[in-house]
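Each chain, letter by letter, is given below.
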Amino acid sequence: MCIRDRLKKVTSTREESLSELQLINNQIQSREGLLRLYDRQVILAEGFIRQKEIDVATLNERVLKLKEQYKAMILHAYKTRNKNGQMMFVLSAENYYEAQKRNKYLKNVTALHKKQVALIANDQQKIKLEIAAIELEKTRKKAVLTQKRIEREEIEVDREKQQRVLNTIQKKEAQLLAEIKTNEIKKQQIKARIAEAIRKELAEIERKRKEEELKASKAPSQNTLVPKNLLQKVGATKKAKKK
């Protein structure tokens, strides 16, 4: 496989890695949105719990007061625990109407305090159950939140791994580009050397041609090279023919 084909393959792999990296980033952002939602829900649950705890504390104070009042009533009932005492309380009224009111009052007070204590105890138990439910919900959401954070950490690990792969690919791509550039430089250098060799060879041929021309221009003509005695013989021959 040539360098350019290798570079094309590495570039394609890098683009795929970038797409996968972007997908992981989108997943992380989505999970971070879920984390923020769960954080808000946990904070809201904690606010509800604080309010319920305040309500329970208020009810506890009311129960304590009612218990003190009920304690005083029991103490009073103990002191007047016989029927004669209760009857004397009623009969000591100035008139019959007042006696009826006192009798009704004793019954109503006892029933009212018992009812109030029972009602408050019931409400207090209800609030405790609500708090327990909210605590359970908060625990569940915290567990989910922890799981989501673990998932995000795992995705972060995957993203770091993917980033390392991408860095390796980019490094390999850079090496291939540098190799291509080096080969191009070498190719240009070879071309330059070949061109220089051709130029020198043509120059040498041209030099030799000019030397040959110079030698040819300096060489004597053909007539000057004929021997003198040969010219004399030719002349004698011509004279003999005339006679």
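This text follows the structure it describes.
Before going into details, it helps to say that this report is about the structure given with it. On a predicted model such as this, the values are computed, not experimentally measured, just so you know.

Observations concerning the overall build of the protein
- Each helix and strand in the protein was counted, giving four helices and zero strands.
- Its helices and strands taken in sequence order, the protein reads α-α-α-α from the N to the C terminus.
- A buried classification covers 17% of the 243 residues belonging to the protein.
- As displayed, the protein has an accessible area near 19500 Å², and 57% of this comes from carbon and sulfur atoms.

Let's talk about the pattern of salt bridges
- Counted according to the given criterion, the structure contains 13 salt bridges.
- Measuring nitrogen to oxygen at the nearest pair gives 3.4 Å for the salt bridge that ties Glu137 to Lys141. Residue Glu137 and its partner Lys141 are both found in helix H3 (residues 96–218); the two are separated by four residues, about one turn of the helix.
- A residue is classified by how much of its surface remains accessible, and Glu137, at 29% relative accessible area, is partly exposed.
- For Lys141, a relative accessible area of 11% corresponds to the buried category.
- Between Glu206 and Arg209 there is a salt bridge whose closest N-O contact spans 2.4 Å. Taken as a pair, Glu206 and Arg209 lie in helix H3 at a separation of three residues, close to a single helical turn.
- Overall, Glu206 belongs to the partly exposed group, its relative accessible area being 31%.
- Through salt bridges with shared partners, a single ionic network connects Glu137, Arg140 and Lys141.

Concerning a nonpolar patch on the surface
- Residues Ile190, Ile194, Ile198, Leu202 and Ile205 make up a contiguous nonpolar surface patch of roughly 470 Å² in combined accessible area.
- Here Ile205 shows up in helix H3.

Reading the values: the criteria
Residues numbered from 1 in each chain as written. Predicted model: local features only at pLDDT ≥ 70, side-chain atom pairs only at ≥ 80, totals over all residues. Heavy atoms only, no water. Helix = DSSP H or I, 4+ residues; strand = E, 2+ residues; numbered from the N terminus. Buried < 20%, exposed > 50% of the residue type's maximum accessible area, 1.4 Å probe, protein only. Areas by Shrake-Rupley, 256 points an atom, 1.4 Å probe, with all protein chains shown as cover. Salt bridge = Lys/Arg side-chain N within 4 Å of Asp/Glu carboxyl O. Patch = residues over 30% accessible without salt bridge, like charges linked within 9 Å, V, L, I, M, F, W, Y side chains within 5 Å.

Just distances and angles here, no functional claims.
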